[in-house]
Amino acid sequence: MDFSISPQHEIFRRTVAEFVEKEVTPRVSEMEERREIPREFYARMGELGFFGLRYPEEYGGAGADSMMFAIFLEEMARGYISLAAAAMMQCLMGTNFIYRFGTEAQRSRLLVPALRGEKIGTIAMTEPGAGSDLGAITTRAVREGDSYIIDGTKSWITSATRADFFTVAAKTNPDPKAGFKGIDMFLVEKGTPGLSVGKKIAKAGAVASETSELTFNEVRVPAENLFGGKEGFGFAALREMLNEIRVMTGALGLGLARAARDESITYAQQRMAFGKKIGDFQAIQHKVADMEIEIELSRLAVQYGAWLIDQKQPCNKEAAIAKLFATEAGVHAADEATRIFGAYGMAMEMTPQRLFRDGRFLLYGGGTSEILRNIIAKEIGI
Amino acid sequence: MNVVVLIKRVPDTETRIQIKDGKVVTDGISWIISPYDEYAVEEALRLIEKYTGKVTLLCLGPVDAKETIRKGLALGADDAIHLNDPAFEGGDASTTAVVLAAALKKMQYDLVLAGKQAVDEDNAQVAIRVAELLDLPHVNSVIKLDLSDDKKSARCLREVDGDRDIAESSLPAIITAQQGLNEPRYPSLKGIMGAKKKPITDWKASDLGLDPGTIGASGAKLEVVRVDPPPARPPGKLIPGDAATAAKELVRLLHEEAKVV
Ligand SMILES: Cc1cc2nc3c(=O)[nH]c(=O)nc-3n(C[C@H](O)[C@H](O)[C@H](O)COP(=O)(O)OP(=O)(O)OC[C@H]3O[C@@H](n4cnc5c(N)ncnc54)[C@H](O)[C@@H]3O)c2cc1C
């Protein structure tokens, strides 16, 4: 048993924290206002090697472990969830299929520039009629000679307006009985005829990480764009990535919880009421103590999940627990922070309201808390 | 060219320093490379990127200063020497300089860079002492550094009393960095991962042929009797009233109480 963190991980944590403090925090209000992430952030984060964290050096990556990835996301989320969310998409869901199953040509054309922040990738699974129940998607991919024709509508697609390539979930087997297993994943590039990006979805939190609808109207892609090369393969490949998505979304929750705790402590030590600092009231101290408890336990859950992933051990249950516990911890801490701040908890010029709004983002992707409880229950045989 | 950079491990400038029994409590402090030394490291890396060569870090510090040294290697330095011996501990600026100079005598270099001072004790004299001991030219608090084409001399810009001063020095020399010299980079992830494979060599007093009586606590000329936190600042004074009366009162106070006008 060893809970120590290596110097490399520590140095990296500080590097990310410094990047956030110097380059992200000063621009948060601008991004909140513009509701978008300035394009230069991609180039900068690519330059710092963040996007290539998990990928091998031959593609410009750093070959780091999951623990490093979790540290990156935690520190980013501590600063700004919108940017952390966009970065996670670029590091993981948006590029993972092309790395694992893309052709060498696709990798050098799309993956390598994506890791440098020059191209943007995203994943398109969710539809207006199917989110948690992915098996219910209706987007179809039909083989026609050397191509596939894709038809359907996607919603809530992160960075869709600026993405250069999409990893798209579509049914190759429409039999309702096949459900989830009828899904395959396809590479679709920007500019392919029939692909159109709809309007942005206005949302309450993570506002600078844009999400939009996406429609596929007889979009023709070469058959080699079917990831894995054969039909019936996609769902299993998707499943493999899910645990990593969950643990890493947990890391975002952990970062958010830390931000809420730090804001709360600073404020509680300044704000006076009834002749005392509010931090001298036990009721306030207990709120902060609860945040700390949930932060520490989230950290353990996230690190354990990351470690299991690196050990290539099964971790459906542990990853579900990490995501559920740490994201709920983030949401809870943000909620409590808005209470500790009193009316200022709602003030748009203060941070807690943003943490409160941004926390909601963590609750859906990678499985809602309800779905995760289903998984945990199933894993322990009930 | 070979550039040696002197780096010191200091408490993170964000740390809330705690003092107990007249001593600084070091438990729980997070450590960093002294910020002025970071400018020196950055400058060394830029020189090497321009002229090719090698950057070696030289650090005197306790066993766990290795982590701070790794940070410097992560930034891009090639290797490091860790002056790591309990005999070095408890010293002052003079004994530190003796040890650093002894180490430099064993090394090959075209240039030695350092921070103008370390932000923990703010002595601002170690590099100067090292230069004296080695009989090397020394330029302090430099904000711009250019080498001649033949790399035999350096042109250093410094800020002096609101004006600018240009010093030229032959090389090798010891040059210290002032804020403004450059903007230090972040270590890249690849640099961080690669740092663990870069060599850090430990040298002890015996490796340097130093008599333990002349270094560390036994050689120190400075004795720290006790450390006290600075006294709390008295609260500011608010002058009430409209601008015209307040201004009058302010002038009176500056004249009669503060005696500055
Ligand atoms: C900011 C943001 C960015 C996103 N980015 C992307 C993206 O880039 N690509 C993408 O594909 N998707 C994206 N999504 C969509 C996200 O993956 C879905 O929101 C998620 O899968 C949940 O689906 P849903 O919203 O349709 O909820 P639904 O599935 O409709 O769920 C509604 C409610 O019913 C509950 N529920 C559903 N099934 C069960 C059950 N079996 N048992 C108990 N309760 C159940 C849920 O827990 C929830 O409370 C994004 C979402 C957000 C908010």
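Just so it is clear, the structure is predicted and the values come from calculations on it, not from any experiment. (Residues numbered from 1 in each chain as written. Chains lettered and ligands numbered in written order. Predicted model: local features only at pLDDT ≥ 70, side-chain atom pairs only at ≥ 80, totals over all residues.)

**Here we look at the domain arrangement of chain B**
By domain assignment, chain B separates into domain 1 (2–219) and domain 2 (234–261). Computed from C-alpha coordinates alone, the two centres of domain 1 of chain B and domain 2 of chain B are separated by 46 Å. (Domains from an automatic or database assignment.)

**Considerations on the domain arrangement of chain A**
Residue and element names in this part refer to chain A. One can read the domain layout of chain A as domain 1 (7–115), domain 2 (121–233) and domain 3 (235–379). Residue-level contacts link 23 residues of domain 1 with 18 residues of domain 2. Every element with two or more residues in the side of domain 1 that touches domain 2 is listed here: helix 2 (28–34), helix 5 (81–93), helix 6 (96–101) and helix 7 (104–115). The element best represented in the side of domain 1 that touches domain 2 is helix 5, accounting for 8 residues. (Contact = placed C-beta atoms within 7 Å. Helix = DSSP H or I, 4+ residues; strand = E, 2+ residues; numbered from the N terminus.)

**Observations concerning the sheet that holds strand 10 (residues 153–160) of chain B**
All names here are of chain B. Strands sit in the order 11-10-9-12-8-1-6-7-13 across an open sheet of 9 strands; the sheet is mixed. Of all the strands in the sheet, the pair left with one neighbour each is strand 11 (163–170) and strand 13 (200–203). Across the sheet, the axes of successive neighbouring strands diverge by a mean angle of 35°, strand direction being ignored. Sheet topology places strand 1 (residues 2–7) next to strand 6 (residues 54–60); 6 bridges connect them, and they run parallel. Bridging from a neighbouring strand, N2 pairs with K54 of strand 6. Those strands touched by helix 1 (residues 35–51) are strand 1, strand 6, strand 8 (111–115), strand 9 (138–147) and strand 12 (174–177), and its axis lies near 170° from that of strand 1. Each of strand 1, strand 6, strand 7 (79–83) and strand 13 is contacted by helix 2 (residues 66–75), which is oriented at about 160° to strand 7, the strand it contacts most. (Pairing = 2+ DSSP bridges. Axes fitted to C-alpha atoms, helices over the stretch in contact; angles between N-to-C directions.)

**So, unusual backbone geometry**
Residues and elements named next belong to chain B. In the segment running from L171 into P172, the intervening peptide bond is cis, with an omega of 0°. In this structure, P172 sits in the loop between strand 11 and strand 12. Of note in this structure, A124 is not a glycine but carries a positive phi near 55°. Secondary-structure assignment places A124 in the loop between strand 8 and helix 4 (126–134). Using a count of 16 C-beta atoms within 10 Å as the deciding quantity, one classes A124 as partly exposed. Residues other than glycine seldom take positive phi values, yet S141 does so here, at roughly 55°. With respect to the helices and strands, S141 occurs in strand 9. (Buried ≥ 20, exposed ≤ 12 C-beta atoms within 10 Å, placed from the backbone.)

**Notes on the packing of helix 4 (residues 66–79) of chain A against helix 5 of chain A**
Residue and element names in this part refer to chain A. The geometry of helix 4 relative to helix 5 is characterised by a closest axis approach of 8 Å and an angle of 155° between their N-to-C directions. Classified by the interaxial angle, the pair formed by helix 4 and helix 5 is roughly antiparallel. When helix 4 is examined against helix 5, the residues F69, L73, M76 and A77 are found in contact with a partner set consisting of I81, L83, A84, A87, M88 and C91. (Parallel < 35°, antiparallel > 145°, perpendicular 65-115°, else oblique.)

**Describing the packing of helix 9 (residues 282–310) of chain A against helix 10 (residues 316–340) of chain A**
Residues and elements named next belong to chain A. Packing of helix 9 against helix 10 leaves a shortest axis separation of 9 Å and a crossing angle of 155°. One way to sum up the angle between helix 9 and helix 10 is to call them roughly antiparallel. Read as a crossing pair, helix 9 and helix 10 show a hand that is left-handed. Of the residues in helix 10, those in contact with I284, K287, M291, E294, I295, L297, S298, A301, V302, Y304, G305 and L308 of helix 9 are E318, A319, I321, A322, F325, A326, A329, H332, A333, E336 and I340. Per-class residue counts for the contact of helix 9 with helix 10 are 16 nonpolar, 3 polar and 4 charged. (Left-handed = near helix turned anticlockwise from the far one by under 90°. Nonpolar A, V, L, I, M, F, W, Y, C, P; charged D, E, K, R; others polar.)

**Here we look at helix 3 (residues 93–105) of chain B**
Residue and element names in this part refer to chain B. The first and last C-alpha atoms of helix 3 sit 18 Å apart over 13 residues, in line with the 18 Å expected at 1.5 Å per residue. Burial of helix 3 is extensive: 11 of the 13 residues sit out of reach of the surface. Turning to helix 3, its buried residues are A93, T95, T96, A97, V98, V99, L100, A101, A102, A103 and L104. (Expected span 1.5 Å × (residues − 1).)

**What about the nonpolar core?**
If you look at the biggest cluster of nonpolar residues, it comprises 191 residues, and the most contacted ones within it are L73(A), A84(A), F186(A), V5(B), V99(B) and L100(B). The element best represented in this core is helix 8 (residues 234–268) of chain A, accounting for 14 residues. Dropping the residues within four chain positions of it, V5(B) is found in contact with D37(B), A40(B), V41(B), A44(B), V55(B), L57(B), L58(B), A77(B), L113(B) and A114(B). (Core = buried A, V, L, I, M, F, W, Y, C linked by C-beta atoms within 7 Å.)

**As for the environment of A259(A)**
Residues and elements named next belong to chain A. Of note, A259 is situated in helix 8. Among the residues examined, A259 registers 24 C-beta atoms within 10 Å and is labelled buried. A sequence separation of 92 residues divides A259 from T351, and the C-alpha atoms of the two residues are 9.1 Å apart. When sequence neighbours within four positions are dropped, the list of residues in contact with A259 reads R78 and L355.

**A few points about the site of the ligand**
All names here are of chain A. Of all residues adjacent to the ligand, which total 20 residues, the nearest are G131, S132, T158, T368 and E370. Taken together, the elements giving at least two residues each to the shell around the ligand come down to strand 1 (121–124), strand 3 (147–158) and helix 12 (369–379). Looking at the shell around the ligand residue by residue, the class counts come to 9 nonpolar, 9 polar and 2 charged. Each of domain 2 (121–233) and domain 3 (235–379) contributes no fewer than three residues to the shell around the ligand. (Near = placed C-beta within 6 Å.)

**Focus on helix 4 of chain B**
Restricting attention to buried positions, one finds in helix 4 of chain B the residues V126(B), A127(B), R129(B), V130(B) and A131(B). Positive backbone phi, at 55°, marks D135(B), one or two positions downstream of helix 4 of chain B.

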